[in-house]
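The lines below spell out each chain.
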Amino acid sequence: MSIKKRIYILEDEIDVANLVKINLEKDKYSVNIYTNSSDFLTEVSKQKPDLAILDLMLPDIDGIEVCKFLKKDGELSKIPVIMLTAKSEEIDKILGLEIGADDYITKPFSVNELKARIKAVLRRYSSNDKPKEGLRHIDDYTIDFNKFEVTYKGQKIQLTTVEFKIIDLLSQKRGWVYSREQIIDYLWGHEKYPTERTIDVHINNLRKKLGELGEKIINVRGIGYKLEE
Ligand code: CA
């Protein structure tokens with residue numbers, strides 16, 4: 001028997017939260033609802049969920065601040081986060097460097113779409129649990145597949161899971177051009193919910209974080225990206 005995955009939902013609209021809870025429980029998830037951020041954060045520090053769904057607009061601390069808090073903390077940053085947002089123009093910010101959510105869904109959303117995103121995010125994380133053989137070195141950079149870390153001259157660079165997987169993919173065959181679609185497939189499987197633009201956002205963040213190595217991630221017009229040799 002497999003252990004139920006635990007999902008925390010932070011959402012002050014109780015009808016929305018309940019609808020999500022009922023539907024996810026049908027899929028054998030165990031779901032806790034929190035209607036304010038303080039209760040959520042208290043609980044998270046006691047027991048980590050397998051995934052958190054955070055609404056943006058909340059009565060006390062907003063979802064963005066909650067996500068930032070989680071992603072800054074060593075242990076808590078490993079919790080996959082899906083943000084619920086009303087405005088699609090907030091996406092860049094939500095997936096960006098500062099906030100670092102793993103995915104988002106725009107309100108109003110269908111429960112099926114949310115379920116698909118949850119599955120995709122969880123799969124991404126669980127595939128990261130599988131150890132790959134050792135280390136890959138590029139100049140002064142080391143990509144560590146056991147720790148899912150990139151270091152520069154021994155200093156750890158803080159990357160999101162998505163960013164790590166992008167540099168992992170691009171560095172597998174240097175000079176090889178990967179299309180945005182291939183990158184999406186690699187990251188999220190065949191559910192193509194994220195747009196190609198989402199990839200650009202992640203890659204821009206990754207470039208900034210990686211410094212010199214980031215400068216070698218080249219956009220090939222009309223096709224995709226490569227890591228220059
Ligand atoms: Ca709300």
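Refer to the preceding data block for the structure.
None of the values given here were measured: they were computed from a predicted structure.

A. Fine view of the pairing of strand E3 (residues 51–55). Counting buried positions over the 5 residues of E3 gives 5, a clear majority of the element. The side-chain alternation of E3 yields two buried faces, one formed by Leu-51, Ile-53 and Asp-55 and the other by Ala-52 and Leu-54. Of the strand pairs in this sheet, strand E1 (residues 6–10) and E3 are connected by 4 bridges, and their pairing is parallel. Following the sheet pairing, Ile-9 is matched in E3 by Ile-53. Here E3 runs beside strand E4 (residues 81–85); their pairing, made up of 4 bridges, is parallel. Note on E4: the bridge partner recorded for Ile-53 is Ile-82. A crossover links E3 with its parallel partner E4, the connecting element being helix H3 (residues 63–72), and its sense is right-handed.

B. Layout of the packing of aromatic side chains. Scanning the model with the defined rule gives 6 aromatic pairs in all. Their ring planes at 85° and their centres at 6.3 Å tell us that Tyr-8 and Phe-40 sit as a pair that is edge-to-face. Here Phe-40 lies in helix H2 (residues 37–46) and Tyr-8 lies in strand E1, a separation of 32 residues in the sequence. Among the residues examined, Tyr-8 registers a relative accessible area of 0% and is labelled buried. The class of Phe-40 is buried, set by a relative accessible area of 0%. Aromatic side chains Tyr-141 and Tyr-152 sit 4.7 Å apart centroid to centroid with 40° between the ring planes, which places their arrangement in the tilted category. Of the two residues, Tyr-141 is situated in strand E7 (residues 141–144) and Tyr-152 in strand E8 (residues 149–152); the sequence distance between them amounts to 11 residues. Taken together, the ring pairs in this structure connect Tyr-8, Tyr-34 and Phe-40 into an aromatic cluster. Over the ring of Tyr-186 we find Lys-165; its NZ or CZ atom is 5.3 Å from the centre of that ring. A cation over a ring is seen here: Lys-173 above Trp-176, with NZ or CZ 3.7 Å from the ring centre.

C. Quick look at the packing of helix H7 (residues 180–188) against helix H8 (residues 196–210). Put simply, H7 and H8 touch, their axes get as near as 9 Å, and they point 80° apart. The angle between the axes of H7 and H8 places the two elements in the roughly perpendicular class. Along the contact surface, H7 presents Arg-180, Glu-181, Ile-183, Ile-184, Leu-187 and Trp-188, while H8 presents Glu-196, Thr-198, Ile-199, Asp-200, His-202 and Ile-203. Tallied by class, residues from the contact of H7 with H8 come to 6 nonpolar, 2 polar and 4 charged.

What counts, and where the lines are drawn
Residues numbered from 1 in each chain as written. Predicted model: local features only at pLDDT ≥ 70, side-chain atom pairs only at ≥ 80, totals over all residues. Heavy atoms only, no water. Buried < 20%, exposed > 50% of the residue type's maximum accessible area, 1.4 Å probe, protein only. Helix = DSSP H or I, 4+ residues; strand = E, 2+ residues; numbered from the N terminus. Pairing = 2+ DSSP bridges. Right-handed = clockwise from strand over helix to strand, strands pointing away. Phe/Tyr/Trp six-rings, centres within 6.5 Å; stacked < 30°, edge-to-face > 60°. Lys NZ or Arg CZ within 6 Å of the ring centre and 35° of its normal. Axes fitted to C-alpha atoms, helices over the stretch in contact; angles between N-to-C directions. Parallel < 35°, antiparallel > 145°, perpendicular 65-115°, else oblique. Contact = heavy atoms within 4.5 Å. Nonpolar A, V, L, I, M, F, W, Y, C, P; charged D, E, K, R; others polar.

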